[in-house]
Amino acid sequence: NSYGYNRQLPQAEFDPALAAALALTAKKHLGGTLPVLRMTCPDDARSHEVAQIMIEHWRRVGIEVQLRKDADSPDDWDICYQTVKSVEPLMDIWPLLTLQPSARVDALQTLSEPTRRLLLELERTVDWTTATKLLHRLLADLLIEARYVPLWEVDEYLVVRKNVSGVPTRLMHPYSEVERWTVQSWYPIDTP
């Protein structure tokens, strides 16, 4: 439901046969052996469980991956598994791609030239329609480049009783503008 999501892009399906064929092609291209890839992920049990499942799927198709802990610099890993919550995609895309907390031009050096251009163009855009179109184009290019692979997106819902009014239609977080909400009592307040 996010404006950052481009509904015209097809979702990539999991295809083990295609993955094995691509791994064999890469092995042939690299002279018969694939390097052991290093992967980092957040330090929590659920992320490690998901990372182990992905590593097992890769092992089945011939790709060896080692899970690394405490890999801080980009030289310590080849694959970075992240769990992020993007409330505002136009503002969150730069830190997500550069792995930096703020937008810094020197952090763009690791990105491809088309990605750098689109991010800088997105930064200079002043109207909403153009910004949304650029964001969709950037995400399409990232899928083609296969450098950043979104695994899934979870929609969040908020259920509010009908006696609560003033709740904005598009919330930034569950208690967005809570000071403007009006709660009407739903139980009898007079004594029997």
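What counts and how
- Residues numbered from 1 in each chain as written.
- Predicted model: local features only at pLDDT ≥ 70, side-chain atom pairs only at ≥ 80, totals over all residues.
- Heavy atoms only, no water.
- Axes fitted to C-alpha atoms, helices over the stretch in contact; angles between N-to-C directions.
- Helix = DSSP H or I, 4+ residues; strand = E, 2+ residues; numbered from the N terminus.
- Left-handed = near helix turned anticlockwise from the far one by under 90°.
- Contact = heavy atoms within 4.5 Å.
- Expected span 1.5 Å × (residues − 1).
- Buried < 20%, exposed > 50% of the residue type's maximum accessible area, 1.4 Å probe, protein only.
- Core = buried A, V, L, I, M, F, W, Y, C linked by side-chain atoms within 4.5 Å.

1. Describing the packing of helix α3 (residues 89-98) against helix α5 (residues 128-145)
Turning to step 1, where the next piece is worked out: The N-to-C vectors of α3 and α5 enclose an angle of 35°; their axes lie 11 Å apart at closest approach. As α3 runs across α5, the sense of the crossing is left-handed. Two secondary-structure elements touch here, α3 through Pro89, Leu90, Ile93 and Leu97 and α5 through Trp128, Ala131, Leu135, Leu138, Leu139 and Leu142.

2. Some points on the packing of α3 against helix α4 (residues 113-124)
Turning to step 1, where the next piece is worked out: Axis separation between α3 and α4 bottoms out at 11 Å; the angle between their running directions is 145°. The handedness of the crossing between α3 and α4 is left-handed. Between α3, through Leu90, Ile93, Trp94 and Leu97, and α4, the contact on the second element is made entirely by Thr115, Leu119, Leu120, Leu122 and Glu123.

3. Quick word on α5
Helical geometry note: an α-helix holds 3.6 residues per turn, so side chains three or four residues apart project in the same direction.
Turning to step 1, where the next piece is worked out: Between its first and last C-alpha, α5 extends 25 Å over 18 residues, near the 26 Å set by a 1.5 Å rise per residue.
Turning to step 2, where the next piece is worked out: Residues Ala131, Thr132, Leu134, Leu135, His136, Leu138, Ala140 and Leu142 constitute the buried set of α5.
Turning to step 3, where the next piece is worked out: Taken together, the buried residues of α5 touch α3 and α4.
Turning to step 4, where the next piece is worked out: Residue Ala146 follows α5 closely and has a positive phi angle near 60°.

4. Overview of the side chain of Asn163
Turning to step 1, where the next piece is worked out: Position of Asn163 relative to the elements: it lies in the loop between α5 and β4 (164-165).
Turning to step 2, where the next piece is worked out: Residues contacting Asn163, with those up to four places away along its chain left out, are Thr182, Val183, Gln184, Ser185 and Trp186.

5. Focus: the nonpolar core
Turning to step 1, where the next piece is worked out: If you look at the biggest cluster of nonpolar residues, it comprises 15 residues, and the most contacted ones within it are Leu90, Ile93, Leu97, Leu119, Leu122, Leu135 and Leu138.
Turning to step 2, where the next piece is worked out: Looking at this core, the elements with two or more residues in it are α3, α4 and α5.
Turning to step 3, where the next piece is worked out: With 5 residues, α5 is the largest single contributor of residues to this core.
Turning to step 4, where the next piece is worked out: Beyond its immediate stretch of four places on either side in the chain, Leu135 contacts Tyr3, Gly4, Pro89, Leu90, Ile93 and Leu122.

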